[in-house]
Amino acid sequence: MPQPLRKNFYANLSNADSMNFGAYQYRGNAAYAYPDRYNHYDIPRKAEVRKLTPKRKKKAKLNPLKALVSLIFLGLVAYYIVPYNFTKYFEPMILNRFLNRNLEFKAENFVSPTLHYLSNADFNGKRLLVPIRHQKREMVPLVTSTRMFILEEELKNLGARYPQIKPSVYVWDYTQSRNAEINANDTYPSASIIKLPILFEMFRLSESLKKSGHKPIDLSSKLLFDDIHKATGSGTLQYYKTGSYYTIDHLAKIMIQESDNSATNMLLDEIGGMEALNAASRKWGLHSTQMTTWLPDLKGTNTISAKDMATLLYNLDNPKFLNDNSRYAIKQYMSNVHNRTLIQAGLPKEAELLHKTGDIGKMLGDAGIVYAPNGRKYIVVILTERPHNDYSARDYIQQASKIIYRYIIENPNPY
């Protein structure tokens, strides 16, 4: 006969049963293991099973506010800290040092092929090429109030008469802070106009050395003219005997007035080479000004833009950029340039011009500051890309100079 239902199910279990089977497992199998001892009423109910089942831990709910704060923090780290440390420490100290070694596979030929001759930093005697980031420009940028659209239209009509050339023009009027521009931010071959930033950096370096307590660059000090500096093209120094010494003042004078390439190479070497000039251009905010070839640069690999040169000329009167002595010397050089066939040819005789010209086969240009007899003053930069030695580029610059001068003098209002 079936035994009556026992209130305590564990009373039916012997010690051996308890050892061989877990409570839950035994309950599920007891009726089948011992059919003569238990009936179906002895099988535990679902409620009893649930009581013996271990509780699962509840998953923690995601806090939206904490998640948002964490994402913002990680984003800031990824955007600011990681790039800064990579550029500041990893790239110059590890990557470039690694590339400078004589590796078996010559990795530098693929990653940085110009590192052996083009660099802008030095670490432990190793030449490095690292990106330069500056938060503040050292030059004051040109700020304009109005645009001279009528003048731009006249210059475009003039350019239509010379379809074989591509002009770049930038004009800035001191009186009204108005400007006119055509392709002003485009990059053009610099030719000899690159000598202007070289001159500016020479005086800047002289002033900075003086402030730091080091021996400054003195205009009366002399540099050795060696074979490595001799350059063909413009200038007469190339015909002189090497081994002679020339003062920096003389070299700067013939670099600007005669556009002497040999004198330019000597001064460029004195300021630290192309790397130093390129680093200075970045600090000044001149993003299109880049030098990659010692003069003469007949292929036009050195570059500038009309806006860059206008900004450079504008800072000639910036007392925080150049001191009085430097500004005076630079103006003396630029006021006696021998080539007067470009912007100067389009001005009346009584107008004065501080400028520097550039002339190679594919490019002809002029950049300067015009002083009108009535006291008006404006910056004008005209660059042209042309077929090889096409003289129509000279005609365009002369005619454009006439149009700009007439417009500035005859239209004093800002329209």
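The structure this text deals with has already been given above.
Quantities reported herein were computed from a predicted structural model and do not represent experimental measurements.

## Regarding the pattern of salt bridges
Within this structure, the stated rule accounts for 10 salt bridges. Linking Arg-147 and Glu-152 is a salt bridge whose minimum nitrogen-to-oxygen distance equals 2.4 Å. According to the relative accessible area criterion, Arg-147 is partly exposed, its value standing at 32%. In this structure, Lys-331 engages Asp-317 in a salt bridge whose closest nitrogen and oxygen atoms are separated by 2.9 Å. Taken together, the residues span a long stretch of sequence, with Lys-331 in helix α12 (residues 324-334) and Asp-317 in the loop between α11 (306-314) and α12 at a distance of 14 residues. Under the relative-accessibility criterion, Asp-317 is labelled partly exposed at 27%. It is possible to trace a salt-bridge network through shared partners that takes in Asp-173, Arg-178 and Arg-376.

## What about helix α10 (residues 273-284)?
Taking 1.5 Å of rise per residue, the 12 residues of α10 would be expected to cover 16 Å, and the 17 Å separating its terminal C-alpha atoms lies within 8% of that figure. For α10, the set of buried residues is Gly-273, Met-274, Glu-275, Leu-277, Asn-278, Ala-279, Ala-280, Ser-281 and Trp-284. Directly beyond the C-terminal end of α10, a positive phi value near 90° is found at Gly-285.

## Comments concerning the packing of helix α6 (residues 149-160) against helix α13 (residues 392-410)
At their nearest, the axes of α6 and α13 sit 10 Å apart, and the two run at 160° to each other. Looking at the two axes, α6 sits roughly antiparallel to α13. In this structure, α6 crosses over α13, and the sense of that crossing is right-handed. Residues Ile-150, Leu-151, Glu-154, Leu-155, Leu-158 and Gly-159 of α6 pack against Tyr-396, Gln-399, Ala-400, Ile-403, Ile-404, Arg-406 and Tyr-407 of α13. Grouping the constituent residues of the contact of α6 with α13 by class yields nine nonpolar, two polar and two charged.

Cut-off values and rules
- For every chain, the first residue of the written sequence is number 1, and numbering continues from 1 along that sequence.
- With the structure being a predicted model, the display of local features is reserved for residues of pLDDT at least 70 and the display and counting of side-chain atom pairs for 80 or more, all residues being used for whole-chain, interface and lining totals.
- Hydrogens and waters are ignored; side-chain quantities use all the structure's heavy atoms.
- Think of a salt bridge as a Lys or Arg side-chain nitrogen and an Asp or Glu carboxyl oxygen that are within 4 Å of each other.
- Relative accessibility thresholds used throughout: buried, under 20% of the residue-type maximum; exposed, over 50%; partly exposed, between the two (1.4 Å probe, protein chains only).
- The secondary structure listing takes helices from DSSP runs of H or I that are at least 4 residues long and strands from runs of E that are at least 2 residues long, numbered from the N terminus.
- Here the expected span of a helix is defined as 1.5 Å times the quantity of residues minus one.
- Only the contacting stretch of a helix is used when fitting its axis, a line to C-alpha atoms as for every element, and angles between N-to-C directions run 0 to 180 degrees.
- Reported orientations rely on four angle classes, namely roughly parallel under 35 degrees, roughly antiparallel over 145, roughly perpendicular from 65 to 115, and oblique for the rest.
- Helix crossings are classified by the rotation of the near helix relative to the far one: an anticlockwise turn of less than a right angle makes the crossing left-handed, while a clockwise turn makes it right-handed.
- We call two residues in contact whenever any of their non-hydrogen atoms come within 4.5 Å of each other.
- Each residue receives one of three labels: charged for Asp, Glu, Lys and Arg, nonpolar for Ala, Val, Leu, Ile, Met, Phe, Trp, Tyr, Cys and Pro, and polar for the others, Gly being one of them.

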